[in-house]
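Structural description and commentary
Spelled out, the chains give:
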Amino acid sequence: MKVLLVTGGAGFIGANFVLQAVADGLTVVNVDKLTYAGNLDTLEPLNGNQRHVFVQGDIGDRALIDALLARHQPDAIVNFAAESHVDRSIDGPGAFIQTNVVGTLGLLESSRDYWRGLESGVRDTFRFLHVSTDEVYGSLGAEGKFRETTPYAPNSPYSASKAASDHLVRAFHHTYGLPTLTTNCSNNYGPYQFPEKLIPLVIQKALACEPLPVYGDGLNIRDWLYVGDHCHAIRLVLQLGRIGETYNVGGNAERSNIEVVKAICSLLDARRPLKDGRRHESLITFVKDRPGHDRRYAIDANKLQNEVGWRPLQSFESGIEQTIDWYLSNQPWVQRVLDGSYRMERLGA
Ligand SMILES: NC(=O)c1ccc[n+]([C@@H]2O[C@H](COP(=O)([O-])OP(=O)(O)OC[C@H]3O[C@@H](n4cnc5c(N)ncnc54)[C@H](O)[C@@H]3O)[C@@H](O)[C@H]2O)c1
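Summarised in this report is the structure supplied together with it.

Parameters at a glance
- Residues numbered from 1 in each chain as written.
- Predicted model: local features only at pLDDT ≥ 70, side-chain atom pairs only at ≥ 80, totals over all residues.
- Heavy atoms only, no water.
- Helix = DSSP H or I, 4+ residues; strand = E, 2+ residues; numbered from the N terminus.
- Rg over C-alpha atoms; globule rule 2.2 N^0.38 Å.
- Buried < 20%, exposed > 50% of the residue type's maximum accessible area, 1.4 Å probe, protein only.
- Contact = heavy atoms within 4.5 Å.
- Areas by Shrake-Rupley, 256 points an atom, 1.4 Å probe, with all protein chains shown as cover.
- Lys, Arg positive; Asp, Glu negative; His and termini not counted.
- Charge placed at Lys NZ, Arg CZ, Asp CG, Glu CD.
- Near = heavy atom within 4 Å.
- Polar contact = N/O pair within 3.5 Å; in protein donor to acceptor, adjacent residues only side chain to side chain.
- Nonpolar A, V, L, I, M, F, W, Y, C, P; charged D, E, K, R; others polar.
- 1 Å grid on protein atoms, 1.4 Å probe; cavity = no way out; pocket = protein on both sides within 12 Å on 5 of 7 lines; lining within 4 Å.
- Points joined across faces, edges and corners; volume = space filled by probe spheres on them.
- Axes fitted to C-alpha atoms, helices over the stretch in contact; angles between N-to-C directions.
- Parallel < 35°, antiparallel > 145°, perpendicular 65-115°, else oblique.
- Core = buried A, V, L, I, M, F, W, Y, C linked by side-chain atoms within 4.5 Å.
- Salt bridge = Lys/Arg side-chain N within 4 Å of Asp/Glu carboxyl O.

Considering the overall build of the chain
The helix and strand tally for the chain stands at 12 helices and 13 strands. For a compact globule of 349 residues, the expected C-alpha radius of gyration is about 20 Å, and the chain comes in at 20 Å, within 12% of that figure. Across its three principal directions, the C-alpha atoms of the chain cover 70 × 45 × 40 Å. Taking all 349 residues of the chain together, the buried fraction comes to 53%. Restricting to contacts in the chain with at least 6 residues of sequence separation, those with at least 24 account for 80%. With an accessible surface of roughly 14600 Å², the chain has 51% of that area assigned to carbon and sulfur atoms. Side chains of the chain give 35 positive and 40 negative charges; the mean places of these two sets differ by 1 Å.

The following block contains the structure:
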């Protein structure tokens, strides 16, 4: 594969993927609506690079997507574009349905029509890869892991909208033969994550010596994966995944939220001790739980490991250390998000 059309490539995971793919010699046509979560600062290293074409646009804009497919003739489409923050989906589910469901449908229709028109050789190798989440499976008790065969039971408007998009992708394969692949990944963390999500939020608040908010009792468990490992998994699935299949992606790194926050605190104690001698842990503040907060997610990634040979390169310990060091060395990137200058407006009050 030489040319990819990537959607949502100015967001957290999409941009990490685009930076990696272009560095590896691929050409990327990057379509992103630039919602609050899209940040062109992240893509600055690609300025002037002929192998990166950025287009501001909506995945549901059929005329735009049709024209881009016709012009650039991509070998694959990778769909990252989504509304992705659970808390925002609780406050306003409409945007989630519009982009994650209706937008994905438009993208699938354009992809199907483009794929049908390809000559046979290219047509056989073309792939549509849909990036999804483990949240579609709902919540686990103390035991067990999500497998690809686990029934869908989404609990938040976000996960319900992602589940709907996964079903549409599946239906486009079964109904029209579109060569699709779906990946369902656990929680990601790493460079360029928008500071509304747990890990960058806690790092920033700790640096500002502000209270570190932890939902409920802090015992909700997620399976954390370093973003570079997720991007690598997607590249392998594109090359080696079986058409029509879904692959779970996870780091085998279950941690409760409170464990994650304490790990960040102790690394910051060593790197940026608080001036008054207190430990960062003293800033932890439990806050009212998120409604419908899923208790535990855990991924069985054996299918991915056995079929495409993927293994995460980072453990939680090495990944979180790298992430903290990235945030410490890239405060101008964070500050431009916080003061709104990345999109000419200010966040919050
Ligand atoms: N972050 C995670 O932990 C995680 C885990 C598993 C799966 N995922 C999935 O991975 C994908 C990327 O997640 P992320 O964390 O990078 O999200 P993000 O919110 O950081 O980025 C989403 C990007 O999509 C763009 N976008 C939104 N609506 C669009 C539209 N209608 N048309 C075109 N672009 C649009 C935004 O501008 C933004 O750049 C999502 O599909 C998400 O469901 C995320």
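There is more to say after this.
Here we look at the environment of Thr7
As for its placement among the helices and strands, Thr7 is situated in strand β1 (residues 3-7). The exposure class of Thr7 is buried, given its relative accessible area of 0%. Along the chain, Thr7 and Ile59 lie 52 residues apart, while their C-alpha atoms are 7.0 Å from each other. Residue contacts for Thr7: discarding those within four places in its chain leaves Val31, Ile59, Val78, Asn79, Phe80, Ala81 and Leu107.

Let's talk about the site of the ligand
Looking at the ligand, there are 28 residues lining it, with Ile13, Asp32, Ser84, Tyr158 and Lys162 nearest. Residue Asp32 places a side-chain N or O atom 2.6 Å away from an oxygen atom belonging to the ligand. Within the backbone of Ile59, a nitrogen or oxygen atom sits 3.0 Å from a nitrogen atom of the ligand. Contact with the protein chains hides 97% of the accessible area of the ligand, taken as 840 Å² for the molecule alone. Those elements that place two or more of their residues in the shell around the ligand are α1 (12-23), β5 (127-133) and α6 (157-176). If you tally residues by element for the shell around the ligand, the top one is β5, at 3 residues. Residues belonging to the shell around the ligand are distributed by class as follows: 12 nonpolar, 12 polar and 4 charged.

Some details on unusual backbone geometry
One non-glycine residue, Gln73, adopts positive backbone phi at about 50 degrees. Following the sequence through the fold, Gln73 ends up in the loop between α2 (62-72) and β4 (76-79). Phi at Asn252 is positive, roughly 50 degrees, even though this residue is not glycine. Within the secondary structure layout, Asn252 lies in the loop between β11 (246-249) and β12 (254-256). Relative accessible area serves as the criterion here: at 60%, Asn252 is assigned to the exposed category.

Here's the deal with empty space enclosed by the protein
Per the stated rule, a full pass over the model turns up 1 cavity of 30 Å³ or more. Taken as a whole, the largest cavity holds about 60 Å³ of empty space.

So, the packing of helix α11 (residues 316-329) against helix α12 (residues 331-338)
Where α11 contacts α12, the axes come no closer than 5 Å and their chain directions differ by 75 degrees. Relative to α12, the element α11 lies roughly perpendicular. Together, Trp326, Tyr327, Leu328 and Ser329 of α11 and Gln331, Trp333 and Val334 of α12 make up the contact between the two elements. Each residue belonging to the contact of α11 with α12 can be placed in one class, and the counts come to 5 nonpolar, 2 polar and no charged.

Examining the nonpolar core
Counting 71 residues, the largest nonpolar core has Phe17, Val78, Ile264 and Trp310 as its most contacted members. With 8 residues, α1 is the single largest residue contributor to this core. Contact partners of Ile264, with chain neighbours within four places excluded, come to Ile199, Val202, Ile203, Ile320 and Ile324. Membership of the second largest hydrophobic core comes to 21 residues, among which are Val29, Ile65, Ile77 and Phe172.

Comments concerning the pattern of salt bridges
This structure, assessed with the given rule, holds 21 salt bridges. A salt bridge links Arg295 to Asp217; the shortest N-O distance between them is 2.8 Å. Here Arg295 is found in the loop between β13 (284-287) and α10 (302-308), whereas its partner Asp217 is found in the loop between β8 (212-215) and β9 (221-223), with 78 residues between them in sequence. On the accessibility criterion, Arg295 (37% relative accessible area) is partly exposed. A residue is classified by how much of its surface remains accessible, and Asp217, at 38% relative accessible area, is partly exposed. Close ionic contact of Arg271 with Asp325 constitutes a salt bridge, the shortest N to O distance being 2.7 Å. One end of the pair, Arg271, is in helix α9 (residues 257-271); the other, Asp325, is in helix α11, with 54 residues separating them in the sequence.

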